[in-house]
Amino acid sequence: MSHSRIDRVNELLHREVAGSLYRCVQSDEFDHAACTVLRVSTSPDLRQATVYVSIYGKSEAQAHRMVAILVGHRKAIQADVYSKVTFKYSTYLKFERDASMAE
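The rules behind these values
Going along each chain's sequence as written, the residues are numbered from 1 onward. For a predicted model such as this one, the threshold for reporting local features is a pLDDT of at least 70, and the threshold for listing and counting side-chain atom pairs is 80 or more; totals across whole chains, interfaces and linings nevertheless cover every residue. Side-chain measures were taken over the full set of non-hydrogen atoms in the model, leaving aside hydrogen atoms and water. Exposed residues in this analysis have more than 50% of their type's maximum accessible area, buried residues have under 20%, and partly exposed residues fall in between, with area computed by a 1.4 Å probe over protein chains only. Where helices and strands are cited, they refer to DSSP runs of H or I of at least four residues and of E of at least two residues respectively, numbered from the N terminus. By this definition, two strands are paired if DSSP reports at least two bridges between them. Nonpolar core, defined: a set of buried Ala, Val, Leu, Ile, Met, Phe, Trp, Tyr and Cys residues in which side-chain atoms within 4.5 Å join the residues together.

Points about the pairing of strand 2 (residues 48–55)
Point 1. Counting buried positions along strand 2 yields seven of eight residues, so the element is predominantly enclosed.
Point 2. In this structure, strand 1 (residues 35–42) lies alongside strand 2, joined through seven bridges in antiparallel fashion. Within strand 2, the position partnered with T42 by the bridge is A49.
Point 3. Hairpin remark: strand 1 followed by strand 2, antiparallel, with five residues in the connecting loop; positive phi at L46, about 65°.
Point 4. Both strand 2 and strand 3 (residues 92–97) contribute to a ladder of six bridges, which runs parallel. The residue bridging T50 from the neighbouring strand is K94, located in strand 3.

Overview of the nonpolar core
Here is a general trend for soluble globular proteins: nonpolar side chains tend to be buried in one another's company.
Point 1. Counting residues in each nonpolar core, the largest one holds 29 residues, and the members touching the most others are L70 and I77.
Point 2. For this core, the secondary structure elements donating two or more residues are helix 1 (3–24), strand 1, strand 2, helix 2 (60–72), helix 3 (74–84) and strand 3.
Point 3. The biggest single contributor to this core is helix 1, with six residues.

So this is what it looks like as C-alpha cells:
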C-alpha cells in the first residue's frame, strides 16, 4: 500500500471521526467545544487506527475524564464512521490524548 493512500485514509477517518463525535457522544460531562481531533494514524493493514485528540481549557482530571468518555463511546463512534466509510476490514479505533497543543 502506497504512502499516499494511507495519508488519504487517515484524512478520511479524521473527517468522519470528528463529525461522529457530535452525533454519538451525548454526555453532560463532555464539552464538544474543548475537544479537537488533531490527527488519525492508521496501521498499514488498516486494522487499527489511533485517533489523537486535544482537550483545550480543561484541568488534567477533566481532560482524562473526557478521553474516558470517548473510549466509552468508541463502539458507537466506530459504527457511525463505518456506516459512511467502507473498508475491507472494520478498523479498530483507539483514542489517545495529545497534549502537544496545550504545551
